[in-house]
Each structure stands twice: as structure tokens, then as C-alpha cells.
Amino acid sequence: MIDLVIFDCDGVLVDSEILAAQVISETLGAIGRPMSVEDVVAGLVGLDAGATRRKLEAMHGTALLPEFEAMVAERLEAAFQSQLKPVAGIAELLRGLGQPYCVASNSGHERLRCTFAATGLAPLVEGRVFSADDVARGKPAPDLFLHAAKSMGGIPPERCLVVEDSVTGVTAGVAAGMRVVGFCGGGHILPGHDQRLLSLGADLVLTEHHELAALPWLSASAAALA
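As a starting point, this report considers the structure included with it. This one's a predicted model, so the numbers in the text were calculated from it and none came from an experiment.

## Some remarks on the environment of Cys-114
Within the secondary structure, Cys-114 is located in helix 6 (residues 109-119). Between the C-alpha atom of Cys-114 and that of Gln-81, which follows or precedes it by 33 residues, the distance is 8.3 Å. Here Cys-114 is in contact with Glu-77, Phe-80 and Gln-81, once residues within four sequence places are set aside.

Structure, rendered in C-alpha cells:
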């Protein structure tokens, strides 16, 4: 059985990755560095802000504007306020989950506060949100997941289940020695992504949150939701 479920945020709790990809694509176009939404999804989803900057600068061979992150953040906040929605079924899952749970995200705490306020999920995650801001290395390093497990009562990695949608997140969960479920229910998922997550070590891939509640590892949650 599992003693702690660790959820990623973007693409797992909220359907934000496609909005973020659109905003990054638009911002890059505005500064003369065009990149399609599809290429942003394929190459940048799951990275924290620092890793995103480094990858874009390596791709283009020149430095981004110092204000790039601020430009993205401003556009993203507007998009979140008007368009962001929780992933279907997540509120019901969290309310009925029989195990302790938390959130571990490569997004910064300020963006996470905006995300949860905009989607109404704040009361369900209050006091159990961990960010790449909290550790020296974000995903794909295992540090964030290990920090979350320690902070939630010192749960051993083998008793934790990670729910992740990205290559970065699955890599981090496997490196932490935790079971990993790949989640492919977000609007940003491209064909073949499920097989990519499985090849990286995800135990299985799901597309809807009610499927997670039915796992034998989480039998208490399945009973609560029945």
C-alpha cells in the first residue's frame, strides 16, 4: 500500500500546460524568437523557469531578454484568470482520497498560489504544497519529491506514489525511488506521450483521475469514492 500520494500540479491538477505553452510561444514571437505551441509542449513542458531559459538560450545561441520571465508571468496570470480550469475529477479525487497527499511542482510558489486561487483548489491543497523554490535542484532531480516526502512525515520513498504528466517529472519520481503513475489527461498531451512515460519507468499511464482512485495501491480511496 501507499502512504503518500504526491501530485504534480500543471497538467495533473490543473489543465495549465497548454495555456502556458501558448503564452510562451506568443512571448517568444513578440521578441523575435518564434516557436510553435507544439514545439514548446514537446521541448519545455515540465521544466522550471531557470531550465526553460537555459534551454531556449541554447537553442537560439543567444541570451534571452532579462525581462522574459516577467513578460511570460504577466501574460500567464491573465490567461489563468480567464481560462484555467481544474482537470476533470481532481477535486472529487482529493476529497475522497484515503491516503495523505501533497503537491510537488517545478512552478514557483507565487504561480502556484495564483493557480490554486483561480481554480478553487486552494482549500484542498493548503499547507501541503512544495515547489522547486524549496530545493537546490528541481525536477528531473529527485530532490523535490524527497523533500515533500520528508516534510509530510518522513514517508519512505518506496511508500510514495507520484502522479506526473511530464518526462521531467517521471524521471524525477523514478530517481527518487518512488512508484510513478503517468497522467495523460491534460490538453497538452501529444500522440505517443504515454509510451514515452512508460519507457522512462512509469508503472502505468492513466488518462482520468477516477482510474487512479481504483488502483489496488489506493483501495481506501476507491472505497471512499464508490
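## Overview of the packing of aromatic side chains
Throughout the structure, instances matching the rule amount to 1 aromatic pair. Between the aromatic rings of Phe-7 and Tyr-101, the centroid separation amounts to 6.3 Å while the plane-to-plane angle is 80°, which identifies the pairing as edge-to-face. Here Phe-7, found in strand 1 (residues 4-7), pairs with Tyr-101, found in strand 2 (residues 101-105); they are 94 residues apart in sequence, far enough to count as distant. The positively charged end of Arg-128 is found above the aromatic ring belonging to Tyr-101, 4.2 Å away from the centroid.

## Structural notes on the pattern of salt bridges
Under the defined criterion, the tally for this structure stands at 8 salt bridges. Here Arg-53 and Glu-69 are joined by a salt bridge, their closest N and O atoms 2.6 Å apart. Taken together, the positions of Arg-53 in helix 3 (residues 49-60) and Glu-69 in helix 4 (residues 68-83) put the pair 16 residues apart, joining distant regions of the chain. Classification of Glu-69 as partly exposed rests on a relative accessible area of 29%. The partner of Glu-164 in a salt bridge is Lys-139, with the nearest N and O atoms 2.5 Å apart. Placement of Glu-164 in strand 4 (residues 160-164) and of Lys-139 in the loop between strand 3 (129-131) and helix 8 (143-151) is noted, with a sequence separation of 25 residues between them.

## Thoughts on the packing of helix 4 against helix 6
In the contact formed by helix 4 and helix 6, the axes pass within 9 Å of each other and the chain directions differ by 20°. Considering their axes alone, helix 4 and helix 6 lie roughly parallel with respect to each other. Read as a crossing pair, helix 4 and helix 6 show a hand that is right-handed. Residues Leu-76, Glu-77, Phe-80 and Gln-81 of helix 4 form the contact with helix 6, whose own contacting residues are Arg-111, Cys-114, Thr-115 and Ala-118.

## Examining the packing of helix 1 (residues 17-30) against helix 2 (residues 37-44)
The N-to-C vectors of helix 1 and helix 2 enclose an angle of 115°; their axes lie 8 Å apart at closest approach. Remark: the crossing between helix 1 and helix 2 carries right-handed chirality. Across the interface between the two elements, Ile-18, Ala-21, Gln-22, Ile-24 and Ser-25 from helix 1 touch Val-37, Val-40, Val-41 and Leu-44 from helix 2. The residue makeup of the contact of helix 1 with helix 2, split by class, is 7 nonpolar, 2 polar and no charged.

## Comments concerning helix 1
With 14 residues, helix 1 ought to run about 20 Å at 1.5 Å a step, and its terminal C-alpha atoms sit 20 Å apart, in line with that. What helix 1 keeps buried is the set Glu-17, Leu-19, Ala-20, Ala-21, Val-23, Ile-24, Ser-25, Thr-27 and Leu-28. Tucked into the core, helix 1 has its buried residues touching helix 2, helix 3, helix 4 and helix 6. At the C-terminal side of helix 1, Gly-32 shows a positive phi close to 80°.

Scoring rules and cut-offs
Residues numbered from 1 in each chain as written. Predicted model: local features only at pLDDT ≥ 70, side-chain atom pairs only at ≥ 80, totals over all residues. Heavy atoms only, no water. Helix = DSSP H or I, 4+ residues; strand = E, 2+ residues; numbered from the N terminus. Contact = heavy atoms within 4.5 Å. Phe/Tyr/Trp six-rings, centres within 6.5 Å; stacked < 30°, edge-to-face > 60°. Lys NZ or Arg CZ within 6 Å of the ring centre and 35° of its normal. Salt bridge = Lys/Arg side-chain N within 4 Å of Asp/Glu carboxyl O. Buried < 20%, exposed > 50% of the residue type's maximum accessible area, 1.4 Å probe, protein only. Axes fitted to C-alpha atoms, helices over the stretch in contact; angles between N-to-C directions. Parallel < 35°, antiparallel > 145°, perpendicular 65-115°, else oblique. Left-handed = near helix turned anticlockwise from the far one by under 90°. Nonpolar A, V, L, I, M, F, W, Y, C, P; charged D, E, K, R; others polar. Expected span 1.5 Å × (residues − 1).

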